Amino acid sequence: MTVQQSDLKLDGNAIGGLLREIFTMEMTAAEGTCSSCGKVHAVGQVEVYMNAPGVVVRCPACGQVQMRIVKGGGRYWLDLSGIRCLEFSSE
Amino acid sequence: MSFISRGFRGKRRDTASSSRLPPGQYIVTDYPVLSAGPTPRIPLNEWTFVIEGEIDKPRSWNWEEFRKLPTEQVTKDIHCVTKWSKFDTGWTGVSMDKILEGVETAAEYTVQFSYGGYTTNLPLEDLTGGKAWVVYEFDGQPLHPEHGGPARMLVPHLYFWKSAKWIRGIRLVNEDEPGFWETNGYHNYGDPWREQRYWGD
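Residues numbered from 1 in each chain as written. Chains lettered and ligands numbered in written order. Predicted model: local features only at pLDDT ≥ 70, side-chain atom pairs only at ≥ 80, totals over all residues. Heavy atoms only, no water.

Across its full length, chain B holds 3 helices and 12 strands. Rg of the C-alpha trace for chain B: 18 Å, near the compact-globule value of 17 Å for 201 residues, within the 12% margin. On the principal axes, the C-alpha backbone points of chain B span a range of 65 × 40 × 35 Å. Considering chain B as a whole, with its 201 residues, one finds that 51% of them fall into the buried category. For chain B, the accessible surface area stands at approximately 9,700 Å², while carbon and sulfur atoms represent 50% of it. A distance of 10 Å separates the average location of the 23 positive side-chain charges in chain B from that of its 27 negative side-chain charges. (Helix = DSSP H or I, 4+ residues; strand = E, 2+ residues; numbered from the N terminus. Rg over C-alpha atoms; globule rule 2.2 N^0.38 Å. Buried < 20%, exposed > 50% of the residue type's maximum accessible area, 1.4 Å probe, protein only. Areas by Shrake-Rupley, 256 points an atom, 1.4 Å probe, with all protein chains shown as cover. Lys, Arg positive; Asp, Glu negative; His and termini not counted. Charge placed at Lys NZ, Arg CZ, Asp CG, Glu CD.)

Below is the structure:
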């Protein structure tokens, strides 16, 4: 099986606004450690798929799903299990 | 005069379609592409489809074997949880009744799993009784990879996230196992007529 990069792929800046809603601070410079391959990427560098029932964030190195964000019916559902650690400034 | 005629035709169409349109949905005439990841390209000579899990011996088909199964052409309305509905979509494929013919299982649940890692769960009874197909043609043409080709599931009585693209197999399970979206906010069953979009709907 080969995988062709889809036109639907965006980078992490596409979810800057959504993450600001959730974390109430700028998150695109935050750095996440992939729980699958261990590589560290800034949120702005991750792969984002938004043409879906929710937002799917994938590791740019290994393709593993890092975050799933669903917003609907007045609620958010946030799965960060694909990120082992998320580091961001408290300032 | 022509303006009035057009208006009347439009109104009749709306009235006729409203009974086919689940609550909260709107009609599209194009075919939006939704994807949670890169589009897998599966060469037909590497493609397989399997029924596994609570079954004495897994059943699997390669592409050549699968295409020898009896096919059906069906025309269905499809409803995406992102609120678009598309009427009269034409598909060619193999019914799940045919695929599961003669299978004896105590399982009451199923998990569809796909090339690329997607999963979605359903009660077994939602895949049988003329309700579900593995389809490989859309409008008479081979299913494009963006829409789930070589083959995808078609379970049109539920929201379309319950119809996995790039289907690789179905696991028969005794305990319900919520899938990719069902574990993160989306409804476990997904009936568009009851507007079961999210947890708690």
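Here the narrative resumes.
All right, on to the sheet that holds strand 12 (residues 167-173) of chain B then. All names here are of chain B. Read across the sheet, 5 strands follow the order 4-3-12-7-8 without closing on themselves; strand pairing throughout is mixed. The sheet terminates laterally at strand 4 (59-62) and strand 8 (119-123), the two strands that pair on one side only. Within this sheet the neighbouring strands show an average axis-to-axis angle of 15°, counted without direction. Relative to strand 12, strand 3 (residues 48-53) runs parallel, the two being bridged by 4 bridges. Bridge assignment links Val50 to a residue of strand 12, and that residue is Gly169. (Pairing = 2+ DSSP bridges. Axes fitted to C-alpha atoms, helices over the stretch in contact; angles between N-to-C directions.)

What follows concerns the pairing of strand 7 (residues 109-114) of chain B. All names here are of chain B. Where burial is concerned, most of strand 7 is hidden: 5 out of the 6 residues are buried. The sheet contact formed by strand 7 and strand 8 spans 5 bridges and is antiparallel. Along strand 8, the bridge assignment pairs Thr110 with Leu122. Between the antiparallel neighbours strand 7 and strand 8 lie 4 residues, among them Gly116 with a positive phi of about 100°. Pairing analysis gives 6 bridges linking strand 7 to strand 12, with the strands arranged antiparallel. In the sheet register, Ser114 faces strand 12, and the bridge partner there is Ile167.

All names here are of chain A. The set of residues buried in helix 1 (residues 16-23) consists of Gly16, Leu18 and Leu19. Viewed along the axis of helix 1, the buried residues span an arc of 160°, placing them on a single side of the element. In the segment just after helix 1, Thr24 is the residue with positive phi, at about 55°. (Arc of directions from axis to C-beta.)

Here we take up the sheet that holds strand 5 (residues 47-49) of chain A. Residue and element names in this part refer to chain A. Strand order in the open sheet made by the 5 strands is 2-5-6-7-8, with antiparallel pairing throughout. Taken across any chain shown, the strands that pair with only one partner, and hence form the sheet edges, are strand 2 (9-11) and strand 8 (75-79). Strand-to-strand, the axes of this sheet are offset by a mean angle of 25°, without reference to chain direction. Bridging between strand 7 (residues 65-72) and strand 8 involves 5 bridges; their strand directions are antiparallel. Considered in strand 8, the bridge of Lys71 is made with Tyr76. Packed onto the sheet, helix 1 meets strand 6 (55-58), strand 7 and strand 8 and runs at close to 75° relative to strand 7. (Contact = heavy atoms within 4.5 Å.)

Another aspect to go through is the nonpolar core. Among the nonpolar cores identified, the biggest contains 46 residues, and Phe49, Ile51, Phe66, Met96, Ile99, Val134 and Trp181 of chain B are the most heavily contacted of them. For this core, the elements supplying multiple residues, two or more each, are strand 7 of chain A together with strand 3, helix 2 (63-66), helix 3 (96-99), strand 9 (133-138) and strand 12 of chain B. Among the elements that take part in this core, strand 12 of chain B stands out by supplying 3 residues, more than any other. With residues near it in sequence (within four places) discarded, Val134 of chain B still touches Phe49, Phe66, Gly93, Val94, Met96, Ile99, Ala151, Arg152, Met153 and Ile167 of chain B. With 14 residues, the next largest nonpolar core counts Val74, Ile78, Cys80 and Phe160 of chain B among its residues. (Core = buried A, V, L, I, M, F, W, Y, C linked by side-chain atoms within 4.5 Å.)

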